[in-house]
Amino acid sequence: MSKHHPTTEVLIIGGGHAGCEAGLAAARLGLETTLLTINLDHIAQMSCNPAIGGVAKGQLVREIDALGGEMARNTDAACLQFRLLNRSKGPAVQSPRAQCDKALYQQRMKLVLERHPRLRIQQAQAVRFLTENNRVTGVQTEFGEVWRARAVVVATGTFLEGRLHYGLNSFPGGRAGDPASRALADSLRRDLKLDLGRLKTGTPPRVLAGTIDLAALPRQDADPESYRFSFAPADETFRQEFAGLRQPPVLPCYTTRSTAETAAIVREHLDKSPLYSGRIEGIGTRYCPSFEDKVVRFPQYPEHLIHLEPEGGATDEYYLNGISTSLPPEVQWLMVRSLPGLESAHISRYAYAIEYGFVFPRQLDHRLAVKAWPNLFLAGQINGTSGYEEAAAQGLVAGVNAARCAADDERPFTISREQAYVGVMIDDLITKDIVEPYRLFTSRAEYRLHLRQDNADRRLTPLARQAGLVDRACAGRVRELEREIAELRRELNARRHQGASLWELLHRPDTPYHGLPDPPAASPRAIEQLQIEARYEGYIRREAEQVRQMRQLAAWIIPADFDYRGIRGLRNEALDKLEAVRPANLAQAGRIDGVTPAEIALLQVWLKRVGAGPAGLSR
């Protein structure tokens with residue numbers, strides 16, 4: 001007989017980056033939350049690169065922090081090296097990135113979860129969804145136990161029907177050292193009738209530092225400036241309850257380059273690659289190709305850059321970023337030892353590819369709720385994304401909406417494209433066709449001059465405060481910053497020098513704030529924000545006009561049961577896409593691949609005919 005646990009309000013399936021943020025968000029909103037995961041010691045595991053941030057990903061992490069999430073604080077506590085990418089370019093594409101102590105990151109996040117009074121974590125594998133009256137009522141575990149809940153978040157990462165490939169040898173696994181979740185994937189299809197697909201990702205080998213000639217390699221040190229991901233004061237990250245955790249050292253990274261010999265080794269053994277022998281069906285990301293793909297697809301490049309990144313202060317392992325492969329171990333030894341500086345390197349962990357199942361995210365709405373199951377939410381790689389940061393951001397949004405669902409609060413917690421990269425990502429997922437693992441880039445955002453990493457708290461913390469995700473002190477810091485910026489701007493406009501206001505002088509690229517004549521005293525943050533706003537004022541104004549026009553289209557709400565087949569003049573491709581996505585408004589409809597501006601205009605005419613005008617107007 002199965003054991004029934006008391007009903008929890010929110011149930012989280014999975015303890016990766018998405019599951020952690022989902023669980024914490026729901027618990028911080030006051031909901032009794034339970035998180036089930038296969039291995040408690042692998043909570044927040046950095047399965048691939050032990051780093052957080054990067055191009056667009058760094059913006060996401062700062063947005064997660066502004067919304068009250070944990071990833072930024074956890075990164076600051078485990079940081080081995082910090083760098084600001086694209087420093088020589090404009091602020092819209094500058095992105096923070098931190099190399100992390102892999103074990104410390106996992107340990108601290110686990111401790112955060114363990115010590116939250118409304119969050120309990122349980123080591124167990126969910127194998128079947130329980131349903132009743134078109135709602136998911138809970139799950140059954142491998143032990144026969146039943147965990148019931150009012151709302152459920154599924155954040156299974158790469159575990160759904162995961163399969164590891166080492167050359168032509170393959171076997172089930174969610175990642176190296178962990179089992180795959182086959183039964184839960186079957187239940188998604190059988191019990192929930194969801195449409196699943198297959199994707200692929202991979203990881204490179206790890207080598208021991210003592211066997212690398214580091215002195216012969218170019219060294220890459222941290223940026224000299226002190227920088228943190230979190231907007232909160234440092235003492236909030238390193239609170240007393242974490243005093244037992246060690247502080248990580250600052251460690252350098254190194255670089256090397258592949259050689260003609262490396263490429264020759266790969267070409268000679270391509271018949272042993274599961275990618276080129278047809279054993280792998282899942283589609284990999286084009287933006288992070290395996291080394292085999294680099295050699296085959298880009299023969300014009302005789303060498304490729306490889307970063308050697310430390311995995312932690314208490315381990316000698318280095319991560320070889322840039323040489324991900326699924327070739328067999330005996331070939332990996334040849335490849336690694338063909339690299340300058342690694343002629344005697346010892347591989348401590350072999351590289352591998354992993355195929356896994358995902359749910360096509362067109363089946364979700366902007367809350368990350370499954371349309372057919374309104375109290376079921378999906379977050380992370382199960383939605384077809386790649387990366388810790390994309391997963392964590394989805395987890396936070398899913399966790400908030402699951403909490404509201406469990407509390408019978410019908411208000412959706414959604415973030416739009418003009419508000420944040422989080423909104424860009426979610427809208428892309430539910431609107432676009434996902435044919436490869438989705439990765440966020442600054443180029444995906446139409447309003448990236450506004451969606452900068454430096455102003456994430458100004459954009460999102462007021463929203464987080466309204467949702468109950470951050471406390472009064474956090475919101476107060478942002479209000480004080482806004483007050484200081486407004487007063488400073490007024491003063492700069494009022495003071496003049498040689499016929500121009502100080503605000504006008506600040507527009508000039510060769511005039512920094514401290515180059516102004518007798519500039520008013522101000523905090524570094526306020527100065528930073530004012531310099532950017534002055535320098536790009538015209539472009540920011542232009543973006544604001546684009547946002548206004550987009551919001552006009554977004555105001556045209558499309559009824560959920562709208563009959564697209566009743567519209568004469570729609571092409572079959574547009575008709576099929578509109579019926580599959582079921583866009584919430586005209587703005588979203590216009591972003592669907594295969595729907596033209598002419599068809600949006602046609603759709604607008606038909607919405608008028610059925611009395612579905614812009615939201616807020618009489619119909």
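Analysis parameters
- Residues numbered from 1 in each chain as written.
- Predicted model: local features only at pLDDT ≥ 70, side-chain atom pairs only at ≥ 80, totals over all residues.
- Heavy atoms only, no water.
- Helix = DSSP H or I, 4+ residues; strand = E, 2+ residues; numbered from the N terminus.
- Buried < 20%, exposed > 50% of the residue type's maximum accessible area, 1.4 Å probe, protein only.
- Lys, Arg positive; Asp, Glu negative; His and termini not counted.
- Charge placed at Lys NZ, Arg CZ, Asp CG, Glu CD.
- Phe/Tyr/Trp six-rings, centres within 6.5 Å; stacked < 30°, edge-to-face > 60°.
- Lys NZ or Arg CZ within 6 Å of the ring centre and 35° of its normal.
- Core = buried A, V, L, I, M, F, W, Y, C linked by side-chain atoms within 4.5 Å.
- Contact = heavy atoms within 4.5 Å.
- Expected span 1.5 Å × (residues − 1).

A.B. asks: Please clarify how the overall build of the protein should be interpreted in this entry.
C.D. replies: Check the secondary structure of the protein and you find 19 helices and 23 strands. Viewed in the frame of its principal axes, the protein has a C-alpha envelope of about 70 × 65 × 55 Å. Looking at the protein as a whole, 57% of its 619 residues are labelled buried. Within the protein, the 74 negative side-chain charges are centred at a point lying 3 Å from the centre of the 79 positive side-chain charges.

A.B. asks: Just checking my understanding: could you explain the packing of aromatic side chains for this structure?
C.D. replies: For any pair of aromatic rings, the description consists of the separation of the ring centres together with the inter-plane angle of the planes. Scanning the model with the defined rule gives ten aromatic pairs in all. Relative to Tyr227, the ring of Phe82 has its centre 4.5 Å away and its plane inclined at 15°; by these criteria the two rings are stacked. Of the two residues, Phe82 sits in strand S4 (residues 79-85) while Tyr227 sits in the loop between strand S14 (219-220) and helix H6 (234-237), which places them 145 residues apart along the sequence. According to the relative accessible area criterion, Phe82 is buried, its value standing at 7%. Given the relative accessible area of 27%, Tyr227 is considered partly exposed. Measuring from centroid to centroid gives 6.5 Å for Tyr536 and Tyr539, while their planes differ by 55°, and the two rings are tilted. Overall, Tyr536 belongs to the partly exposed group, its relative accessible area being 24%. Clustering of aromatic rings is evident, with ring pairs tying together Phe82, Tyr227 and Phe229. Seen from the ring of Phe231, Arg62 lies directly overhead, with NZ or CZ sitting 4.0 Å from the centre. Cation over ring: Arg609 sits above Trp606, and NZ or CZ is 4.7 Å from the ring centre.

A.B. asks: Help me understand the nonpolar core, please; the structure alone is not making it clear to me.
C.D. replies: The nonpolar side chains of a soluble globular protein tend to be buried, and buried together. Within the largest apolar cluster, 113 residues are counted, with the highest numbers of intra-cluster contacts made by Ile52, Tyr105, Leu113, Phe129, Leu188, Leu376 and Phe413. The leading source of residues in this core is helix H10 (residues 388-406), at twelve residues. In this structure, Leu188 is in contact with Phe129, Leu160, Lys193, Leu194, Leu196, Val359 and Ile382, ignoring residues within four places of it in sequence. Core analysis: the second largest hydrophobic core is formed by 25 residues, Val207, Leu308, Met335 and Ile347 among them.

A.B. asks: Would you take a moment to explain helix H1 (residues 17-28) for this structure?
C.D. replies: Given 3.6 residues per turn, any residue in an α-helix points the same way as the ones three and four places further on. Taking 1.5 Å per residue, twelve residues should reach 16 Å; H1 reaches 17 Å between its end C-alpha atoms and fits that length. Most of H1 is tucked away: eleven of the twelve residues are buried. Listing the buried residues of H1 in full gives His17, Ala18, Gly19, Cys20, Glu21, Ala22, Gly23, Leu24, Ala25, Ala26 and Ala27.

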